[in-house]
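Structure at a glance
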Amino acid sequence: MKSFTLETRQAPSNTSVTVIDMQGELDTNTAVDFEKTLNGIFSEGKYKIVLNLEKLSYISSAGFGILMSNIKDVRKHRGDIKIINVRPDVYSIFELLELPGLFHILKTEGEAIHEFS
């Protein structure tokens, strides 16, 4: 089985922002963990999310599906999902699916947190 880990933390400079550090491969088998993590964050009333994909080597349609199915509700609650540190091979998938227009994709955590200010 391929490895996948998620770690959540509050952004040090803005505690209303939750950062999710992802590592490994987000596929059909691991998407359940990602969805549970997001649902746990939402159940706490937190809707300002930064996804750190620096160590994510692959994302499947299941992972994109979770992002797509949650973005409207997140924005309805005056939040957003910002994506940072995307590796070029993963970014090419975002481009192929025309997602850079739907999600804010930034280089650094600081930039993403600043957008929430």
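Preceding this section is the structure that the text describes.
A few points on the structure. (Residues numbered from 1 in each chain as written. Predicted model: local features only at pLDDT ≥ 70, side-chain atom pairs only at ≥ 80, totals over all residues. Heavy atoms only, no water.)

Examined against the element boundaries, threonine 18 turns out to sit in strand 2 (residues 14-26). Excluding its chain neighbours within four sequence positions, the residues that come into contact with threonine 18 are Thr8, Arg9, Ile41, Lys46, Lys48, Ile49 and Val50. (Helix = DSSP H or I, 4+ residues; strand = E, 2+ residues; numbered from the N terminus. Contact = heavy atoms within 4.5 Å.)

One open sheet holds the 5 strands; their spatial order is 1-2-3-4-5, and the pairing between them is mixed. Strands with a single pairing partner mark the edges of an open sheet, and in this sheet they are strand 1 (4-11) and strand 5 (104-106). On average, each strand axis in the sheet is tilted by 25 degrees relative to the strand beside it, whichever way the strands run. Here 5 bridges tie strand 3 (residues 48-59) to strand 4 (residues 80-84), and the two strands are oriented parallel to one another. (Pairing = 2+ DSSP bridges. Axes fitted to C-alpha atoms, helices over the stretch in contact; angles between N-to-C directions.)

In this structure the tally under the stated criterion is 7 salt bridges. In this structure, arginine 75 engages aspartate 80 in a salt bridge whose closest nitrogen and oxygen atoms are separated by 3.0 Å. Of the residues examined, arginine 75 reaches a relative accessible area of 32% and is grouped as partly exposed. Arginine 87 is the salt-bridge partner of aspartate 89, the closest N and O atoms lying 3.6 Å from each other. Classification of aspartate 89 by relative accessible area gives partly exposed; the value is 40%. Take arginine 87: its relative accessible area is 33%, and that puts it in the partly exposed class. (Salt bridge = Lys/Arg side-chain N within 4 Å of Asp/Glu carboxyl O. Buried < 20%, exposed > 50% of the residue type's maximum accessible area, 1.4 Å probe, protein only.)

Another point: the packing of helix 1 (residues 31-43) against helix 2 (residues 61-76). Helix 2 packs onto helix 1 with a crossing angle of 15 degrees between their chain directions and a minimal axis gap of 9 Å. The orientation of helix 1 relative to helix 2 falls into the category roughly parallel. The chirality of how helix 1 crosses helix 2 is right-handed. For the pair helix 1 and helix 2, the contacting residues are Ala31, Phe34, Glu35, Leu38 and Phe42 in the first and Ala62, Gly63, Ile66, Leu67, Asn70 and Val74 in the second. Looking at the contact of helix 1 with helix 2 residue by residue, the classes come out as 8 nonpolar, 2 polar and 1 charged. (Parallel < 35°, antiparallel > 145°, perpendicular 65-115°, else oblique. Left-handed = near helix turned anticlockwise from the far one by under 90°. Nonpolar A, V, L, I, M, F, W, Y, C, P; charged D, E, K, R; others polar.)

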